[in-house]
Amino acid sequence: MTSPFEPPDVTWSRVSPRLVTARLVPAAITLGIPLLAGAALAFTVSPWFWLLAGFPAAILALTAWVVPRQVHALGYAERDDDLLIRKGVLFRSLTVVPYGRMQYVDVEAGPLDRRLGLAKVQLHTASVGTDAQIPGLPPDEAARLRDRLASRGEARLAGL
Amino acid sequence: MTTPAAEDLAWRRVHPITPVVRGWTILAAALFVVGQQSIDDSARGGGIVELLRSDFWWIVPAAIVLVALVGFGYAAVAWRMTSYAVGEDTVHMRKGVLFRTQRHARLDRVQAVDIRQPLVARLFGLCELTLEVAGGSDSGIAIGFLRDGDARALRGELLARAAGLKAHRTGEPLPDVGARPPADAPLPAGADGPVDTAQAADHVPGVVHPGEPTADQGFAPELLERPGLLEAPEQSVLTVPPARLIVSLLRSGAAIFTFVFVVALVVLVITTGRIGIAFSVLPALLGGGGYLFNRFTGEFDFRVAISADGIRLRHGLLETRAQTIPPGRVQAVSLTQGLLWRGPDWWRVQVNVAGYGDKNETNAVLLPVGTREDALAVLSLVLPELGVDEPRALLDEGLEGDSSSAGRFVGSPRRARILDPVSWRRHGFSVTGRALLLRRGRLVRALDVVPHERTQSLAVTQGPWQRRLGLATFTVHSTPGPVSPAAPHLDAADAARLLDEQALRARSARAAAGPERWMETS
């Protein structure tokens, strides 16, 4: 069975593995607070509070298991006329964005991303349905990709 | 050709009655509130009525005069500060009293030009012209209100400039539509190199060469005085009779739902004897009724015409709207048929146009209801050439066919029935030389048509069940609007091949697509 997510003669570029950290740290913080609160209450008030602690713990464990796989599944490939973006483990998707359809490119980096040396490149077409973002790029690679996409977009711009 | 500096532009003002037309709702609301207050207060023996009887009665008329003066003063200033200008290939708009905004729109980026006439504006013979450009909601330029004739002349001027006609059309009307390139058709061959003046003049009678002294001086004032002169001549394609619109609305899901709701309500009220139930569900009923009423008034007297400047739509009962969608601006088309429209074989045609967005559905309708012939005629305005032998047979297959009979559509495999037991037979796609056809829906049939050069981006998605069954969903991303083309649950290999080939086809179609300025030959 051929997979639609493995087109022939495409070499995929992978994103930085540091993206795993960048995604796990916020999840650990948001889930860690109720976990610790539940554990503290379980020790001091009643062992029933282990239920409160167990739920975020389970989600955290699941996240810790899924995120590395998600990051590993992320990939992009620059072809001559379009950009391919692949993502997802359970729900997979492959998006093809022609350079000529690109309206603008965003490069974003939050405080944690900057500390880890990561940036997100997002492409926008005239369609809101286009979900074309590449998170977890090293800043140099993000800047190179942005400039390259912008120059290619201009060269192939043809209205809408 | 350079854009003239802002100082060189001839700034024009909108009609002085504009504040009245825009502000009447506020005025009505204010009067309503004051009226209600005074009635309430007079019942309790106080308020305005009491004040009028006292020695200070003059406060009331004085307050009214003051409010009126301030209101009209502000409106007058706002009107004075609002002006617009049409440049060589841009439109400029200045407005705002405290917070000034100035907006420039490039005419070659225009997606649609609409003239809207709300009920109150109609009393004064005024309309508002909206120039839609692709840039999300609230991206267009609304120039209003203008006198009827002025608005039409301005539309003609904008479209002529957007089409790339460097000089004005002379007063002589064009002989017929056929003399100019048909809408959305590939432009004549041999159009490479610099524009041949003689050839251009042959194609478009009434165009003066830019080198001549009359050219590039803007449009002569007398042309603006006489409406319709600048406009490209149009050919009527079809009209929707009011009776058919009413019947089609009665056969729509919303009407059936409302009817069943009313019947159930009446039964409930009679059996329980409690009238209070009726009031508690009134909002839901008003919602259904309001939707039908809006559909009826918005799509009343729907007329479709074609001109060299694109598709012309006119419709509306209370608020009338005249839309012009230039060639190549329709991003996707869908033909849909509800269950109860199947008997008379009626179809509804909707489009995605970049400037319209999905905020209001009424302006994205190309045909509210029509027979199959009507719907296909309207489709052919958008896409005259399907690029396939026997286009009619293919379209019929797309409209009502399914995978139980062999055809030119590639459908979902049989194993997709677990995921979509109802309509898996209808899912499918077909590729022609000019467009991608996607059919779906068994109860509500739909056929989406996306011209290859209008594809924004493409995607293939696959969920866990689909992966187990070897299926994948193919999606075409189009600009915001009522059409969201997709082919669910295709065979994974078909989806992969379609994604790859469609990316290629879209690329080559874009390279061969006509220019943004549809009358330009280069």
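The rules behind these values
- Residues numbered from 1 in each chain as written.
- Chains lettered and ligands numbered in written order.
- Predicted model: local features only at pLDDT ≥ 70, side-chain atom pairs only at ≥ 80, totals over all residues.
- Heavy atoms only, no water.
- Helix = DSSP H or I, 4+ residues; strand = E, 2+ residues; numbered from the N terminus.
- Buried < 20%, exposed > 50% of the residue type's maximum accessible area, 1.4 Å probe, protein only.
- Contact = heavy atoms within 4.5 Å.
- Areas by Shrake-Rupley, 256 points an atom, 1.4 Å probe, with all protein chains shown as cover.
- Phe/Tyr/Trp six-rings, centres within 6.5 Å; stacked < 30°, edge-to-face > 60°.
- Lys NZ or Arg CZ within 6 Å of the ring centre and 35° of its normal.
- Patch = residues over 30% accessible without salt bridge, like charges linked within 9 Å, V, L, I, M, F, W, Y side chains within 5 Å.
- Salt bridge = Lys/Arg side-chain N within 4 Å of Asp/Glu carboxyl O.
- Buried area = accessible area lost by both parts, 1.4 Å probe.
- Polar contact = N/O pair within 3.5 Å; in protein donor to acceptor, adjacent residues only side chain to side chain.
- Nonpolar A, V, L, I, M, F, W, Y, C, P; charged D, E, K, R; others polar.
- Pairing = 2+ DSSP bridges.
- Axes fitted to C-alpha atoms, helices over the stretch in contact; angles between N-to-C directions.
- Core = buried A, V, L, I, M, F, W, Y, C linked by side-chain atoms within 4.5 Å.
- Domains from an automatic or database assignment.

1. Some thoughts on the overall build of chain A
Check the secondary structure of chain A and you find four helices and seven strands. Reading chain A from its N terminus to its C terminus gives the helix and strand order β-α-α-β-β-β-β-α-β-β-α. Residue burial in chain A is summarised as follows: out of 160 residues, 42% are buried. Partitioning the contacts of chain A with sequence separation of at least 6, the portion at a separation of at least 24 is 54%. On chain A, roughly 8,600 Å² of surface is accessible, and the fraction owed to carbon and sulfur atoms is 64%.

2. Overview of the packing of aromatic side chains
All names here are of chain A. For the structure shown, the criterion picks out four aromatic pairs over all chains. Geometrically, the ring pair formed by Phe-43 and Trp-50 is edge-to-face, given 5.4 Å between the ring centres and 80 degrees between the ring planes. Under the relative-accessibility criterion, Phe-43 is labelled exposed at 67%. In this structure, Arg-86 packs its charged tip against the face of Trp-12, placed 4.5 Å from the ring centre.

3. Here we look at unusual backbone geometry
In this model, Asp-9 of chain A sits at a positive phi of 40 degrees, which is unusual for a non-glycine residue. Within the secondary structure, Asp-9 of chain A sits in the segment before strand 1 (13–14). Unusually for a residue other than glycine, Asp-345 of chain B sits at a positive phi of about 55 degrees. In this fold, Asp-345 of chain B is placed in the loop between strand 12 (330–337) and strand 13 (346–353).

4. Quick word on a nonpolar patch on the surface
Together, Ile-256, Phe-259, Val-260, Val-263, Val-267, Leu-339, Leu-340, Val-422, Leu-443 and Val-444 of chain B make up a nonpolar patch on the protein surface, roughly 880 Å² of accessible area in all. Along the chain, Ile-256 of chain B turns up in helix 9 (residues 253–272).

5. Quick word on the interface of chain B and chain A
Contact residues are listed per partner, giving 33 residues for chain B and 27 residues for chain A. Buried surface at the junction of chain B and chain A, summed over both partners, amounts to about 2,400 Å²; 55% is from carbon and sulfur atoms. If you sort the residues of chain B by the area they bury against chain A, Gln-456, Arg-467 and Arg-510 of chain B come out on top, with a joint share of 23%. Applying the counting rule to chain B against chain A returns three salt bridges. For Arg-507 of chain B, the salt bridge is made with Asp-81 of chain A, and the minimal N-O distance between the two is 3.3 Å. Applying the counting rule to chain B against chain A returns eleven residue pairs in polar contact (both at pLDDT 80 or more). Of all the secondary-structure elements, those providing two or more residues to the side of chain B that touches chain A are strand 19 (457–462), helix 14 (464–469), strand 20 (471–477) and helix 15 (492–512) of chain B. For the side of chain B that touches chain A, the leading source of residues is helix 15 of chain B, giving eight residues. Counted by class, the side of chain B that touches chain A contains 13 nonpolar, twelve polar and eight charged residues.

6. Let's talk about the sheet that holds strand 11 (residues 320–325) of chain B
Residues and elements named next belong to chain B. On the basis of which strands lie adjacent, the open sheet formed by seven strands has the order 7-6-5-11-10-9-8 and antiparallel pairing. The strands lining the two open edges of the sheet, one partner per strand, are strand 7 (141–147) and strand 8 (234–239). Within the sheet, the average angular offset between the axes of one strand and its neighbour, ignoring direction, is 20 degrees. Sheet strands touched by helix 5 (residues 148–162): strand 5 (110–117), strand 6 (126–133), strand 7, strand 10 (310–315) and strand 11. Its angle to strand 7, the strand with the most contacts, is close to 140 degrees. Running at roughly 150 degrees to strand 8, helix 12 (residues 372–382) makes contact with strand 8, strand 9 (303–307) and strand 10 of the sheet.

7. A closer look at the nonpolar core
Residues and elements named next belong to chain B. Membership of the largest hydrophobic core comes to 43 residues, with the highest contact counts inside it found for Ile-311, Val-333, Leu-335, Val-349, Leu-366, Leu-437 and Val-449. Looking at this core element by element, the count peaks at six residues for helix 12. In terms of domain composition, this core takes at least three residues from each of domain 2 (241–299) and domain 3 (324–512). Grouped together as the second largest cluster of nonpolar side chains are 30 residues, Val-14, Met-93, Ala-105 and Ile-115 included.

8. Some details on the pattern of salt bridges
Residues and elements named next belong to chain B. Summed over the entire model, instances satisfying the criterion amount to 35 salt bridges over all chains. Note that Glu-234 and Arg-312 form a salt bridge whose closest N and O atoms lie 3.1 Å from each other. In this pair, Glu-234 is assigned in strand 8 and Arg-312 in strand 10, connecting sequence segments 78 residues apart. Relative accessible area serves as the criterion here: at 33%, Glu-234 is assigned to the partly exposed category. On the accessibility criterion, Arg-312 (2% relative accessible area) is buried. Between Arg-321 and Glu-319 there is a salt bridge, with its nearest N and O atoms 3.7 Å apart. With relative accessibility at 14%, the residue Arg-321 sits in the buried group. Connected through shared salt-bridge partners, Asp-345, Arg-372, Glu-373, Arg-392, Asp-396 and Glu-400 make up one network.

Everything listed is a geometric property; what it means functionally is a separate question.
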